[in-house]
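Notes for the structure review
Residues per chain are reported as follows:
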Amino acid sequence: MVVLSQHVALDNHLSVIPTYKPVPVPVVDLTDPEAKTLIVKACEEFGFFKVVNHGVRPDLMTRLEQAAVGFFALPQSLKNQAGPPEPYGYGSKRIGPNGDVGWIEYILLNANPQLTSPKTSAIFRQTPQIFREAVEEYMKEVKKVTCKVLEMVTEGLGIEPRDTLSKMVRDEKSDSCLRMNHYPTAEEEVEKMVKVGFGEHTDPQIISVLRSNNTAGLQICMKDGSWVAVPPDHSSFFINVGDALQVMTNGRFKSVKHRVLADTRRSRVSMIYFGGPPLSQKIAPLPCLVPKQEDWLYKEFTWSQYKSSAYKSKLGDYRLGLFEKQSHHRSNV
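So, here is what we can say about the structure in this document. (Residues numbered from 1 in each chain as written. Predicted model: local features only at pLDDT ≥ 70, side-chain atom pairs only at ≥ 80, totals over all residues. Heavy atoms only, no water.)

**Comments concerning the nonpolar core**
What counts is decided by this rule: Put simply, a nonpolar core is a bunch of buried Ala, Val, Leu, Ile, Met, Phe, Trp, Tyr and Cys residues held in one set by side-chain atoms that sit within 4.5 Å of each other. Three exposure classes are used, based on accessible area relative to the maximum for each residue type with a 1.4 Å probe and protein chains only: buried under 20%, partly exposed in between, and exposed over 50%. Secondary structure follows DSSP: runs of H or I at least 4 residues long count as helices, runs of E at least 2 residues long count as strands, and numbering of each begins at the N terminus. Two residues form a contact once any of their heavy atoms are found within 4.5 Å.
Residues Ile39, Phe49, Phe131, Met180, Ile206 and Phe237 are the most contacted members of the largest nonpolar core, which totals 66 residues. Top contributing element to this core by residue count: helix H5 (residues 129-157), with 13 residues. Excluding residues that lie within four positions of it along the chain, Met180 makes contacts with Leu64, Ala68, Phe72, Glu105, Tyr106, Ile107, Leu109, Phe131, Val135, Ser270 and Met271. By size, the runner-up hydrophobic cluster in this structure holds 23 residues, among which are Tyr88, Leu108, Val256 and Val260.

What follows is the structure in structure tokens.
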């Protein structure tokens with residue numbers, strides 16, 4: 001991992017590629033007996049870590065990437081039949097309904113096969129059967145990794161029972177999703193520069209599990225406000241702490257702010273599985289970690305309430321601010 005040694009203004013076009021200095025990235029081997037301790041440490045210090053020996057077959061990851069590349073290579077008119085996203089479906093350049101844009105096109109799919117939408121059906125109509133099979137098998141395997149990591153989190157924090165967090169993702173009504181992002185190359189020579197692919201934001205769910213091809217671009221924000229560039233590794237997963245997990249740990253884990261700067265000379269493809277709870281799930285600091293409600297930093301809310309609030313916000317907004325207990329903050333000022 002490397003950190004930007006100079007400030008970069010996030011205009012839509014970045015003509016200067018910044019210089020870097022090395023910073024260590026937390027790497028967790030899921031077969032390591034100390035993995036649960038390392039995961040907790042990484043979540044506290046970075047809100048982010050890389051996972052190796054995760055058990056997902058390399059050919060499964062490659063197959064989905066190739067299937068996604070095949071979809072994104074379709075004529076624009078065919079892709080547009082699966083959009084605009086509501087929120088599922090195909091989107092291009094526009095990120096959400098509130099004016100955010102980026103050098104990106106993407107597919108967003110609900111991870112629950114029982115919940116389909118016309119836009120999702122349109123994606124599957126435009127692609128061969130192997131695309132749907134690759135999506136479903138990939139989500140099944142990455143869901144296992146998500147639950148395994150969440151169970152290591154609960155073990156590392158001493159939370160009982162062990163499935164306190166993972167059962168939210170395993171629930172048949174879990175509101176998880178899969179996003180496939182494509183940061184394309186530029187056809188015009190004048191466009192061949194670094195651009196904002198996906199502006200700075202946090203993920204609202206419990207955790208996110210990201211895998212990309214070997215094109216760089218992902219950056220995370222450190223506690224001191226500096227931006228760190230994460231070297232790509234197509235064989236590994238990168239885990240982000242989400243807003244919901246920040247609340248459930250009462251701020252002990254921080255939802256990591258991240259962004260993608262797209263180098264339009266090289267195409268980047270990423271797949272992100274967002275592990276979310278059921279819409280009716282109440283989100284609040286876990287009583288076993290914070291026994292007294294007066295010590296809670298956040299109000300209790302349902303995932304449905306938070307998801308709705310996040311959808312109405314701009315990408316870079318601090319979404320959790322609306323759910324913080326203001327009286328607690330006033331007493332500590």
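**Focus: the pairing of strand E10 (residues 207-212)**
Within a regular strand, the side chains alternate between the two sheet faces. Inclusion rule: Only strands that DSSP links by at least two bridges are regarded as paired with each other.
Of all the six residues making up E10, six are buried; the element is thus mostly covered by neighbouring parts of the structure. Going residue by residue along E10, you find Ile207, Val209 and Arg211 tucked away on one face and Ser208, Leu210 and Ser212 tucked away on the opposite face as well. The pairing of E10 with strand E13 (residues 237-241) spans four bridges and is antiparallel. Bridge assignment links Leu210 to a residue of E13, and that residue is Phe238. Direction of pairing for E10 relative to strand E15 (residues 268-275): antiparallel, over a ladder of six bridges. When the sheet's bridge partners are listed, Ser212 is paired in E15 with Ser270.

**Here we look at the pattern of salt bridges**
Any two side chains of opposite charge can pair, on the condition that their charged atoms come close. Stated formally: Take a side-chain nitrogen of Lys or Arg and a carboxyl oxygen of Asp or Glu: if they are within 4 Å of each other, that pair is a salt bridge.
All told, the structure shown has 19 salt bridges when counted by the stated rule. Among the salt bridges present, the one from Glu137 reaches Arg57, with a minimum N-O distance of 3.5 Å. You can see Glu137 sitting in helix H5 and its partner Arg57 sitting in the loop between strand E5 (48-52) and helix H2 (58-72), a full 80 residues away along the chain. Each of Arg57, Asp59, Arg63 and Glu137 takes part in salt bridges that share partners, so that together they form one network.

**Looking at unusual backbone geometry**
The step from Gly83 to Pro84 runs through a cis peptide bond, and the omega angle for that step is -5°. Of the consecutive residues Glu160 and Pro161, the connecting peptide bond is found in the cis state with omega at -5°. Among the secondary structure elements, Pro161 is positioned in the loop between H5 and helix H6 (166-170). A positive phi angle, near 55°, is found at Asn250, a position not held by glycine. Here Asn250 lies in the loop between helix H7 (243-248) and strand E14 (258-263).

**Considerations on the sheet that holds strand E8 (residues 177-183)**
Cut-off, in case you're wondering: Every axis corresponds to a line fitted to the C-alpha atoms, with the helix fit spanning only the stretch in contact, and the corresponding angles, defined between N-to-C directions, vary from 0 to 180 degrees.
Strand order in the open sheet formed by eight strands is E4-E5-E13-E10-E15-E8-E7-E6, with mixed pairing between adjacent strands. A strand with exactly one partner marks an edge of an open sheet, and here the two such strands are strand E4 (27-29) and strand E6 (89-95). Pairs of neighbouring strands in the sheet enclose a mean axial angle of 25°, with direction left out of account. Across the sheet, helix H4 (residues 118-125) is in contact with E6 and strand E7 (100-110); its angle to E7 comes to roughly 90°.

**Points about the pairing of E7**
The buried count for E7 comes to ten of eleven residues, which makes it a mostly enclosed element. Sheet topology note: the E6/E7 ladder contains six bridges and is antiparallel. Each residue of the ladder has a partner; that of Ser92, found in E7, is Glu105. The hairpin formed by E6 and E7 contains four residues between the paired strands, and Gly96 there has a positive phi angle of roughly 80°. Relative to E8, E7 is paired through six bridges, and the arrangement is antiparallel. If you follow Tyr106 over to E8, its bridge partner there is Asn181.

**Examining the environment of Ala186**
You can see Ala186 is positioned in the loop between E8 and strand E9 (194-201). By relative accessible area, Ala186 is classed as buried at 7%. Taking the C-alpha atoms as reference points, Ala186 and Arg265, separated by 79 residues in sequence, lie 6.4 Å from one another.

**Some details on the packing of H2 against H5**
The relative placement of two packed helices is expressed as an angle between their axes plus a distance between the axes. Heads up, the condition is: Orientation labels follow simple angle bins: below 35 degrees gives roughly parallel, above 145 gives roughly antiparallel, 65 to 115 gives roughly perpendicular, and whatever is left gives oblique. Left-handed describes a crossing whose near helix is turned anticlockwise from the far helix by less than a right angle; the clockwise case is right-handed. Gly is put with the polar residues, along with every residue not named as nonpolar or charged; the nonpolar set is Ala, Val, Leu, Ile, Met, Phe, Trp, Tyr, Cys and Pro, and the charged set is Asp, Glu, Lys and Arg.
Here H2 crosses H5 at 135°, and the two axes come no closer than 9 Å. In terms of axis orientation, H2 runs oblique to H5. The hand of the H2/H5 crossing is left-handed. Residues Leu60, Met61, Arg63, Leu64, Ala67, Ala68 and Phe71 of H2 touch H5, and the partners they reach there are Ile130, Phe131, Glu133, Ala134, Val135, Glu137, Tyr138 and Glu141. When its residues are assigned to classes, the contact of H2 with H5 shows eleven nonpolar, no polar and four charged.

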